[in-house]
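# Summary of the model geometry
Residues per chain are reported as follows:
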Amino acid sequence: MIISNPVDKTANISFQKDTLLIELTAEESSSIVGGFTIRNDSGGTRRFYNLGANVPAQVQTLQPNTEGTYDGEYIIYNTSKTGFEPVLVKVDPTKTATFRQEGNGITVATDTPSLYIYKG
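Residues numbered from 1 in each chain as written. Predicted model: local features only at pLDDT ≥ 70, side-chain atom pairs only at ≥ 80, totals over all residues. Heavy atoms only, no water.

### Some remarks on the overall build of the chain
Counting its secondary structure elements, the chain contains two helices and eleven strands. The order of α-helices and β-strands along the chain, N terminus first, is β-β-α-α-β-β-β-β-β-β-β-β-β. Within the chain, the fraction of its 120 residues that count as buried is 30%. Relative to all contacts within the chain whose residues are 6 or more apart in sequence, the contacts with residues 24 or more apart total 47%. In the form shown here, the chain has an accessible surface area of approximately 7,800 Å², with 53% of it arising from carbon and sulfur atoms. (Helix = DSSP H or I, 4+ residues; strand = E, 2+ residues; numbered from the N terminus. Buried < 20%, exposed > 50% of the residue type's maximum accessible area, 1.4 Å probe, protein only. Contact = heavy atoms within 4.5 Å. Areas by Shrake-Rupley, 256 points an atom, 1.4 Å probe, with all protein chains shown as cover.)

What follows is the structure, given as structure tokens:
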């Protein structure tokens with residue numbers, strides 16, 4: 001791909017498809033492409049779904065003390081360690097969300113509220 005400079009017609013920049021994203025951190029590039037970063041500090045393996053307006057739900061597994069960057073704007077995860085209590089959360093793409101254990105439950109630390117909590 002060639003980017004042309006409208007002011008200086010002799011100054012063109014050539015680069016490969018992923019060149020610009022390589023120089024960004026995972027968090028910076030995820031906000032450009034519509035994704036988010038999440039860290040697992042819950043002490044156990046976490047399974048969740050990432051999804052978005054143009055991203056179909058995909059199951060993910062995140063090992064303890066690791067983080068990953070995923071497409072989409074939302075996650076669905078189980079908040080209970082002993083039952084089934086799923087929650088839908090919008091994740092801020094400019095910050096790293098974190099899975100944490102609180103008592104018998106699992107939370108995601110974000111600056112956005114939970115959108116849906118299943119109480120079956």
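Now that the structure is up, let's keep going.
### Side note on the nonpolar core
Membership of the largest hydrophobic core comes to 14 residues, with the highest contact counts inside it found for I38, F48, I75, Y77, F99 and V108. If you list the elements that add at least two residues to this core, you get β3 (35-40), β7 (74-78), β8 (86-90), β9 (96-102) and β10 (105-109). (Core = buried A, V, L, I, M, F, W, Y, C linked by side-chain atoms within 4.5 Å.)

### Description of the sheet that holds β10
Strand pairing in a sheet relies on backbone hydrogen bonds, with the paired strands running either antiparallel or parallel. Here we have four strands laid out as an open sheet, ordered β6-β3-β9-β10, and mixed in their pairing. Every interior strand has two partners, whereas the edge strands, β6 (67-71) and β10, have only one. In this sheet, adjacent strand axes meet at a mean angle of 25° when their direction is disregarded. Where β3 meets β9, four bridges bridge the pair, whose relative direction is parallel. Following the sheet pairing, N40 is matched in β9 by F99. (Pairing = 2+ DSSP bridges. Axes fitted to C-alpha atoms, helices over the stretch in contact; angles between N-to-C directions.)

### Quick notes on a nonpolar patch on the surface
A surface patch of nonpolar side chains, about 240 Å² in accessible area, is lined by Y49, V59 and I76. Overall, V59 belongs to the partly exposed group, its relative accessible area being 43%. (Patch = residues over 30% accessible without salt bridge, like charges linked within 9 Å, V, L, I, M, F, W, Y side chains within 5 Å. Salt bridge = Lys/Arg side-chain N within 4 Å of Asp/Glu carboxyl O.)

### Focus: the environment of V91
Within the secondary structure, V91 is located in the loop between β8 and β9. When the C-alpha atoms of V91 and Y74 are compared, they prove to be 5.6 Å apart, with 17 residues separating the residues in sequence.

### Things to note about the packing of aromatic side chains
Tallying each qualifying case throughout the model produces four aromatic pairs. Look at F48 and Y70: their rings are 5.2 Å apart centre to centre, the planes differ by 85°, and that puts the pair in the edge-to-face class. Taken together, the residues F48 in strand β4 (residues 46-52) and Y70 in strand β6 connect sequence positions 22 residues apart. As far as burial versus exposure is concerned, F48 and Y70 are alike and both buried. Arranged with centres 5.4 Å apart and planes meeting at 80°, the rings of Y77 and F99 form a pair that is edge-to-face. (Phe/Tyr/Trp six-rings, centres within 6.5 Å; stacked < 30°, edge-to-face > 60°.)

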